[in-house]
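Okay, here's what each chain looks like letter by letter:
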Amino acid sequence: QRDYLTAARLEARRAARSLTAATGSVVTVTPVIAFAGSPNLALKRCPADVVVCQARTVCRRLVERGASMDAARVAEIFDAARDSTTWRLGQVSA
């Protein structure tokens, strides 16, 4: 499990760096590990900085974290995320 946590954190940092560079303003990315097809997911301890859940509960779990942004900001980040050049901009060492 620790490998998944490390990978999720690393990918979230990379995504945040790439999206921040593309939008010109700080983008915070929440690492998520979502299990599909696991009907009974039981965790002994959940990390505070990574959302770990079943795939069907991802939206609810992110909403529970309380962060929100306006529609214009969502559109800006969405457009940057869809642009393939965004992901080349952020390819720097971690």
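In case you missed it, the structure is sitting above this.
Residues numbered from 1 in each chain as written. Predicted model: local features only at pLDDT ≥ 70, side-chain atom pairs only at ≥ 80, totals over all residues. Heavy atoms only, no water.

### Examining the layout of surface pockets
Considering only enclosed or pocket space, the largest pocket measures out at about 450 Å³ in volume. Along the wall of the largest pocket there are 18 residues; nearest its centre are Thr28, Thr30, Leu62, Ala67 and Met69. Counting only elements with at least two residues in the lining of the largest pocket, the list comes to helix H2 (58-64) and helix H3 (71-82). When residues in the lining of the largest pocket are grouped by element, the largest group, five residues, is from H3. Per-class residue counts for the lining of the largest pocket are 13 nonpolar, three polar and two charged. (1 Å grid on protein atoms, 1.4 Å probe; cavity = no way out; pocket = protein on both sides within 12 Å on 5 of 7 lines; lining within 4 Å. Points joined across faces, edges and corners; volume = space filled by probe spheres on them. Helix = DSSP H or I, 4+ residues; strand = E, 2+ residues; numbered from the N terminus. Nonpolar A, V, L, I, M, F, W, Y, C, P; charged D, E, K, R; others polar.)

### Some points on the environment of Phe78
Locating Phe78 in the fold gives a position in helix H3. Sequence separation between Phe78 and Leu19 is 59 residues, and the spatial gap between their C-alpha atoms is 9.4 Å.

### Some words on the side chain of Thr23
Tracing the sequence through the fold places Thr23 in helix H1 (residues 2-23). Of the polar contacts made by the side chain of Thr23, one reaches the backbone oxygen of Leu19; its length is 2.9 Å. In terms of polar contacts, Thr23 uses its side chain to reach the backbone carbonyl oxygen of Ser25, at 3.0 Å. Residues within four places of Thr23 in sequence aside, it is in contact with Arg73, Glu76, Ile77 and Ala80. (Polar contact = N/O pair within 3.5 Å; in protein donor to acceptor, adjacent residues only side chain to side chain. Contact = heavy atoms within 4.5 Å.)

Keep in mind that these numbers describe shape and distance, not what the molecule does.
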